[in-house]
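Chains, contacts and geometry: an overview
The chain contents come next:
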Amino acid sequence: MDGEAGHLEGVDLEPTPCTSASPVVVSTRKPRPGDEIELEITGFDARGRGIAERDGMHFSVRRATAGSRVRALVLKRRKSNVEAVVLETLDAGPLAVAAPCAHFGSCGGCSLQSLDYAAQLDGLRAIVSAAFRAHGLAHAPIDAVLPAPSAVRYRNKMEFSFSTRRWIAPDEPRDAPNGFALGLHAVGLHTKVVDIRSCAIQAESADAILATVRALVVERSIPAWDPRLHTGLLRHLVVRVAGTTGEVLVNLVTSTGAPDVIEPLAREIVARHPEIATFVQNVNSRPADTAIGDPGRERVLFGPGTIRERILGLDLHVSAGSFFQTNSAQAERLFEIVREEAALTGSETVYDLYCGTGTIALVLAEAAREVIGFEIVPSAVADARANAARNGIENARFVEGDALDGLAHPDLPAPEVCVVDPPRAGLHKKLLARLAVLGARRIVYVSCHPGSAANDVAELERLGWRVARVRPIDLVPHTPHIECVITLVPRST
Ligand SMILES: C[S@@+](CC[C@H](N)C(=O)[O-])C[C@H]1O[C@@H](n2cnc3c(N)ncnc32)[C@H](O)[C@@H]1O
């Protein structure tokens, strides 16, 4: 969700049918808020909005599909950058397809569903390329985007919100019941939730669990969270379906423990869905709208508290709080690419910085002398160590704490290869400076944010490195997010 407004006063933001008539205001002056303007949409930006160029101005257009011609309303302008929203699609163009999900348009989840998948991949590569050019890295060799094996039913984790404020679609009567919803936030509206009946990117088993939970909660009149008043019991339903084993983890996030309500509910859900391997409850007593529970307040109500994924022959256990790539099938290919780019011979010490539950470290361990993971979240480090032990991997160890402090550790052997997989914000300047002088012969940078990655790569180039290859991978089809594996080598090689 990118914070865009779903309903502007007097403007219907719902997708509009294609027509050829257009009462567009044509003018040679710079567009002003309130103007209507006709635009040819050439692609999409990192927020999933359509982009257009006209009279030296750059337009970012909400709800516009690449390849279409639209009549749009200007919302704001800063210098030569204009924000607009589609009022009418005049010509859907050759790249438009029927969105696979019934909730497309109202749900804030996947903004690119109405764009042909090959065009999505071209647009994602253009986003990576623009980010690298913007940081003076036009010379970076960027591969075509690796497509996902499936663009539907690929996601192994969805976080749904309970709410007392259901989003009412424009084709519903204004007085339709709106006091309960279980689903995803309406596009740009953090207080309204679209009641999701089926989500095209999650597993079918998760759709069935979603329906059961909705029915039971309504039948038992269990109060949903009110995002404005901060009242109610049920806050989030997180469903994880392991992509490789089909095991299901259900995580119910509530505002208080309420065992007399939650335990019988959990028992009934598990009884109706034998595929549920484990059911946990987390309590989030804070006002912040997050599916992360208060520290130390997770309760395992059924099963072991984890589900199993099998990735490249490794048996990995994933708990409710662990980070795990959300597309299991494509994550395997991501890790294979990291392994290729690390180009190990068996004699190397490898650092896996920001290692999470250690998957990359464990995938590389077989081909390395030793792998050392660095991670700040204690439970992730515990998962990483347990995953290493479970798979009989003895040449991997994990250092808990800030990666920057970890690198200052006096007893660690110097690395030949460094893998970094930081959060969206990228690497701290001090860490970049340290990384540059560790003496490695290769840095493999795994990034979920092309802008911060390009910024960091530019800094590493200033510090004596050279970008050798950029390999973008689509992990989340129908969204503008793009993962990249970037290989850097010392400039002298
Ligand atoms: C994108 S995830 C990496 C996941 C991992 N490579 C995997 O594939 O499962 C980023 C990780 O960085 C960790 N992290 C964030 N800040 C950190 C820091 N300052 N030092 C070490 N780890 C940090 C987060 O807890 C998270 O596990």
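Presented here is a report on the structure given in the accompanying data block.

Rules and cut-offs
Residues numbered from 1 in each chain as written. Predicted model: local features only at pLDDT ≥ 70, side-chain atom pairs only at ≥ 80, totals over all residues. Heavy atoms only, no water. Pairing = 2+ DSSP bridges. Helix = DSSP H or I, 4+ residues; strand = E, 2+ residues; numbered from the N terminus. Axes fitted to C-alpha atoms, helices over the stretch in contact; angles between N-to-C directions. Contact = heavy atoms within 4.5 Å. Phe/Tyr/Trp six-rings, centres within 6.5 Å; stacked < 30°, edge-to-face > 60°. Lys NZ or Arg CZ within 6 Å of the ring centre and 35° of its normal. Near = heavy atom within 4 Å. Polar contact = N/O pair within 3.5 Å; in protein donor to acceptor, adjacent residues only side chain to side chain. Nonpolar A, V, L, I, M, F, W, Y, C, P; charged D, E, K, R; others polar. Buried < 20%, exposed > 50% of the residue type's maximum accessible area, 1.4 Å probe, protein only. Parallel < 35°, antiparallel > 145°, perpendicular 65-115°, else oblique. Left-handed = near helix turned anticlockwise from the far one by under 90°. Salt bridge = Lys/Arg side-chain N within 4 Å of Asp/Glu carboxyl O.

**Focus: the sheet that holds strand β22 (residues 483-490)**
Read across the sheet, seven strands follow the order β18-β17-β16-β19-β20-β22-β21 without closing on themselves; strand pairing throughout is mixed. Each edge of the open sheet carries a strand with a single partner, namely β18 (396-400) and β21 (465-473). Here the average twist between neighbouring strands, direction ignored, is 15°. Here strand β20 (residues 442-447) pairs with β22 via five bridges, running antiparallel. Residue I443 lies in a different strand from β22, and its bridge partner there is L488. Lying over the sheet, helix α6 (residues 378-390) contacts β17 (370-375) and β18, oriented at roughly 170° with respect to β18.

**A few points about the packing of aromatic side chains**
Applying the stated criterion to the full structure yields two aromatic pairs. One cation-aromatic arrangement involves R235 over W225; the distance from NZ or CZ to the ring centre is 3.8 Å.

**Overview of the site of the ligand**
Around the ligand lies a shell of 17 residues, among which Y354, E375, I376, A403 and D421 are the nearest. Within the side chain of E375, a nitrogen or oxygen atom sits 2.6 Å from an oxygen atom of the ligand. Classifying every residue of the shell around the ligand gives ten nonpolar, four polar and three charged.

**With respect to the pairing of strand β12 (residues 276-283)**
With seven of its eight residues buried, β12 lies for the most part within the structure. Examined bridge by bridge, strand β11 (residues 248-254) and β12 share seven bridges and lie parallel to one another. Bridge pairing links V248 to I276 in β12. Sheet analysis places β12 next to strand β13 (residues 299-302), joined by three bridges and oriented antiparallel. Residue pairing across strands places F279 opposite F302, the latter belonging to β13.

**Considerations on the packing of helix α8 (residues 429-436) against helix α9 (residues 450-462)**
At their nearest, the axes of α8 and α9 sit 10 Å apart, and the two run at 45° to each other. One way to sum up the angle between α8 and α9 is to call them oblique. As α8 runs across α9, the sense of the crossing is right-handed. Each of K429, L432, L435 and A436 in α8 lies in contact with α9, whose residues at this interface are D456, E459 and L460.

**Overview of the pattern of salt bridges**
Scanning all chains against the criterion turns up 28 salt bridges. Taking the shortest distance from any N to any O, the salt bridge between D207 and R153 comes out at 3.0 Å. Taken together, the residues D207 in helix α2 (residues 204-219) and R153 in the loop between α1 (117-134) and β7 (157-163) connect sequence positions 54 residues apart. Relative accessible area serves as the criterion here: at 10%, D207 is assigned to the buried category. Residue classification places R153 among the partly exposed residues on the basis of a relative accessible area of 31%. Here R441 ties to E348 by a salt bridge, and the two come within 2.5 Å at their closest N and O atoms. One end of the pair, R441, is in the loop between α8 and β20; the other, E348, is in the loop between α4 (328-342) and β16 (349-353), with 93 residues separating them in the sequence. Given the relative accessible area of 34%, R441 is considered partly exposed.

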